[in-house]
Amino acid sequence: MTKNKLFVFFAATVLMIVAGIALTMPKTTEASPALLDTPESMQIQDVIRRSYEIEAIAARTFDTSQFSSVFANSPIGKLSPLTIEFVREAVAVNDELKYLTTKPDSEVGFLDYKLAYYIWWKKDAERFDTLLAVAEKENRDLTEEEAASLVDNTGRVAAPRLDGDATIPDLKFFSVEIDGNVALVVFDDGPRTNLMTLIRDNGLWYIVNWKILDVHP
Amino acid sequence: MFKKDRLRKAKHLVVFVALALTLFITSGVLASSYDRSAGVAWIDAHAHDRPSDYPNYGTGTGRDCNDCTNYVNQMLDKGGFPQRTGTNDNYHRYAYKSIIWQVSRTWYNTANFNVYITKYKNTEFVYRSSTTLLIKGDFYLMDTRNNIDPNLPPDGKPDHARAIVGKGWTSTNPIDYDSGLVPPRQWTMLASQHCTDRWHVAWDYNVPSDMKRWNVHVK
């Protein structure tokens with residue numbers, strides 16, 4: 001009887017210890033925890049920061065040559081039909097994007113979207129600059145036809161290139177979840193809370209999709 | 001014979017004056033009647049509320065708050081900038097109450113408002129190449145996201161508007177800033193807006209350096 005009691009006591013103690021250890025141990029999932037200060041996580045955050053820097057320069061110079069160092073096309077970052085439609089509209093009115101005409105929707109990726117956005121903007125801004133320069137030279141306002149030409153058949157209005165210094169916004173990172181060669185990053189850039197998907201290719205990280213979780217401009 | 005000539009000349013003069021007057025009325029009056037101080041005084045008083053004089057397109061922040069363009073149009077309206085009533089297309093801009101609110105899309109939808117601006121470009125509005133060239137009573141539009149699906153990245157059409165209220169010291173009220181974090185006070189060009197409601201913040205507060213903008217000067 002005493003032996004039995006001792007056995008039950010011993011078994012209960014072991015069970016409690018095991019349960020205690022199990023409860024206090026951090027839960028593990030397939031993805032690594034959303035730590036912000038690991039070398040890999042820092043590398044990913046740098047890529048996102050650099051993408052803002054490259055875009056800020058492109059918004060002033062329309063130099064998109066660095067885009068492929070931070071953005072990539074990947075089926076993992078599958079674009080939404082609306083974003084693909086945006087790319088298609090840009091392709092239709094811009095010779096510089098003609099190489100995309102034969103690309104099937106399933107292969108149009110985030111790098112294509114970014115190039116389409118800036119090449120479209122460039123075309124608009126150049127038209128804007130030219131019309132304004134001629135009008136200023138002739139000391140007059142734009143004519144009605146000139147003003148009308150600033151709106152294209154998709155209802156988009158030409159915008160000028162940005163001026164002033166290109167600065168990087170103070171990005172606030174909330175989480176970086178890495179699962180093999182894919183990372184999901186949640187961060188705030190000021191007016192938006194974003195979820196970006198990145199992939200690792202040959203040791204380097206590239207942004208392949210961008211979802212806006214919240215807007216608060 | 002001589003009398004007939006004088007009569008004809010007088011008729012020509014009347015026609016000429018009538019034409020000149022028509023031209024003046026259709027272009028100049030709209031522009032010259034804009035009282036920037038009155039418009040800005042109104043929006044200064046209503047940066048954090050929704051006055052019953054105008055329709056309300058949401059409060060707070062996020063996707064359900066769509067009052068920014070309405071706010072800018074209130075500035076124009078209170079500044080005496082005439083509404084243009086008519087059909088609800090990109091050529092008209094109005095908000096008036098007739099039992100219920102009658103409001104054109106150009107009044108509250110930023111992209112439609114931008115197209116309206118191009119319809120009256122030069123006579124009423126002028127795009128500027130830089131936001132820093134704007135003055136009190138002007139405004140600018142931004143492309144922060146996709147207009148149809150707010151989850152998606154920018155689509156080249158504006159979806160947010162900010163009013164320029166002139167130069168001065170930035171607000172020190174935490175309510176005007178995200179998380180109540182007040183940036184160092186500075187003397188600069190100031191902006192106010194709805195959604196998120198902000199009063200007298202630096203014109204470029206929360207505007208990333210790559211964000212597409214349309215800078216609009218009101219004539």
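### As for the sheet that holds strand β2 (residues 182–188) of chain A
All names here are of chain A. Spatially, β1-β2-β3-β4 is the arrangement adopted by the four strands of the open sheet, whose pairing is antiparallel. Across the chains shown, the open sheet's two edge strands, defined by having one partner strand only, are β1 (172–179) and β4 (204–215). Strand-to-strand twist across the sheet, computed as the mean angle between neighbouring axes with direction ignored, equals 15°. In this structure, β2 lies alongside strand β3 (residues 192–201), joined through seven bridges in antiparallel fashion. By the bridge assignment for β3, L184 is matched with T197. Sheet strands touched by helix α2 (residues 39–61): β1, β2, β3 and β4. Its angle to β1, the strand with the most contacts, is close to 125°.

### Describing helix α3 (residues 68–78) of chain B
All names here are of chain B. With nine of its 11 residues buried, α3 lies for the most part within the structure. Among the residues of α3, those classed as buried are C68, T69, N70, Y71, V72, N73, Q74, M75 and L76. Following α3 by one or two positions, G80 adopts a phi angle in the positive range, close to 90°.

### Description of the nonpolar core
Grouped together as the largest cluster of nonpolar side chains are 87 residues, with contacts concentrated most on I44, I48, W121 and L198 of chain A together with F125 and F139 of chain B. Tallying contributions element by element places helix α4 (residues 110–137) of chain A first for this core, with 15 residues. Ranked by size, the runner-up nonpolar core spans nine residues in total, among them I164, M189, A191 and V207 of chain B.

### What about the pattern of salt bridges?
Residue and element names in this part refer to chain B. A complete count under the given rule lists 17 salt bridges over all chains for this structure. Ionic pairing is found between D197 and R50, a salt bridge with its closest N-O pair at 3.0 Å. Taken together, the positions of D197 in the loop between β6 (187–193) and β7 (198–202) and R50 in the loop between α2 (36–45) and α3 put the pair 147 residues apart, joining distant regions of the chain. Each member of the pair, D197 as well as R50, carries the same accessibility label: buried. For R84, the salt bridge is made with E124, and the minimal N-O distance between the two is 2.5 Å. Of this pair, R84 sits in the loop between α3 and β1 (95–98) while E124 sits in the loop between α5 (110–119) and β3 (125–128), placing them 40 residues apart in sequence. The two residues R84 and E124 agree in class, both being buried. Overlapping salt bridges, with partners in common, bring together R50, D67 and D197 in one network.

### Quick word on the interface of chain B and chain A
At the junction of the two partners, chain B supplies 45 residues and chain A supplies 47 residues. For the pair chain B and chain A, the summed buried area comes to about 3,700 Å², and 56% of that belongs to carbon and sulfur atoms. By the criterion of area lost to chain A, the three top residues of chain B are S209, D210 and K212 of chain B, representing 18% of everything that side buries. Between chain B and chain A we count zero salt bridges in total. The interface formed by chain B and chain A includes 22 residue pairs in polar contact (both at pLDDT 80 or more). For the side of chain B that touches chain A, the secondary-structure elements that each account for two or more residues are α5, β3, β5 (160–169) and β8 (213–218) of chain B. Per-class residue counts for the side of chain B that touches chain A are 11 nonpolar, 19 polar and 15 charged.

### So, the confidence of the model for chain A
With 91% of its residues at a pLDDT of 70 or more, chain A has an overall mean of 88. With pLDDT under 50 throughout, residues 26–30 of chain A is counted as low confidence; its partners more than four residues away or in other chains account for one contact.

### Here we look at the state of the cysteines
Residues and elements named next belong to chain B. The full count for this structure, using the stated rule, is one disulfide over all chains. Here C65 is linked by a disulfide to C195, with a sulfur-sulfur distance of 1.9 Å. Note on the C65 and C195 pair: the S-S dihedral is about -70°, so by sign convention the disulfide is left-handed. A residue pair is termed long-range when its members are at least 10 positions apart, and C65 in the loop between α2 and α3 and C195 in the loop between β6 and β7 qualify at 130 residues.

### Concerning the pairing of β5 of chain B
All names here are of chain B. When you tally the buried positions in β5, you get eight out of 10 residues, the bulk of the element. Sheet topology note: the strand β4 (residues 139–142)/β5 ladder contains four bridges and is antiparallel. By the bridge assignment for β5, M142 is matched with H160. Across six bridges, the pairing between β5 and β6 is antiparallel.

### What about the confidence of the model for chain B?
Residues and elements named next belong to chain B. The predicted model of chain B averages 90 in pLDDT, with 88% of residues at 70 or higher. Low pLDDT, under 50, characterises residues 21–29; the stretch is placed with three contacts to residues that sit more than four places away or in other chains. Both confidence scores are given for the complex: pTM 0.84, ipTM 0.82.

### Points about the packing of aromatic side chains
A full pass over the atoms with the stated rule returns 29 aromatic pairs over all chains. Where F62 of chain A meets W121 of chain A, the ring centres are 5.8 Å apart and the plane angle is 70°; that geometry is what we call edge-to-face. Placement of F62 of chain A in the loop between α2 and α3 (81–92) and of W121 of chain A in helix α4 is noted, with a sequence separation of 59 residues between them. Neither F62 of chain A nor W121 of chain A differs from the other in exposure class; each is buried. Between the aromatic rings of F81 of chain B and F125 of chain B, the centroid separation amounts to 5.4 Å while the plane-to-plane angle is 40°, which identifies the pairing as tilted. With F81 of chain B in the loop between α3 and β1 and F125 of chain B in strand β3, this pair connects stretches of sequence that are 44 residues apart. Three or more aromatic residues joined by ring pairs make a cluster, and in this case those are F62, F67, F71, F86, F110, Y113, Y117, Y118, W120 and W121 of chain A.

Basis of the calculations
- Residues numbered from 1 in each chain as written.
- Chains lettered and ligands numbered in written order.
- Predicted model: local features only at pLDDT ≥ 70, side-chain atom pairs only at ≥ 80, totals over all residues.
- Heavy atoms only, no water.
- Pairing = 2+ DSSP bridges.
- Helix = DSSP H or I, 4+ residues; strand = E, 2+ residues; numbered from the N terminus.
- Axes fitted to C-alpha atoms, helices over the stretch in contact; angles between N-to-C directions.
- Contact = heavy atoms within 4.5 Å.
- Buried < 20%, exposed > 50% of the residue type's maximum accessible area, 1.4 Å probe, protein only.
- Core = buried A, V, L, I, M, F, W, Y, C linked by side-chain atoms within 4.5 Å.
- Salt bridge = Lys/Arg side-chain N within 4 Å of Asp/Glu carboxyl O.
- Buried area = accessible area lost by both parts, 1.4 Å probe.
- Polar contact = N/O pair within 3.5 Å; in protein donor to acceptor, adjacent residues only side chain to side chain.
- Nonpolar A, V, L, I, M, F, W, Y, C, P; charged D, E, K, R; others polar.
- pLDDT = per-residue confidence, 0-100.
- Disulfide = S-S within 2.5 Å.
- Phe/Tyr/Trp six-rings, centres within 6.5 Å; stacked < 30°, edge-to-face > 60°.

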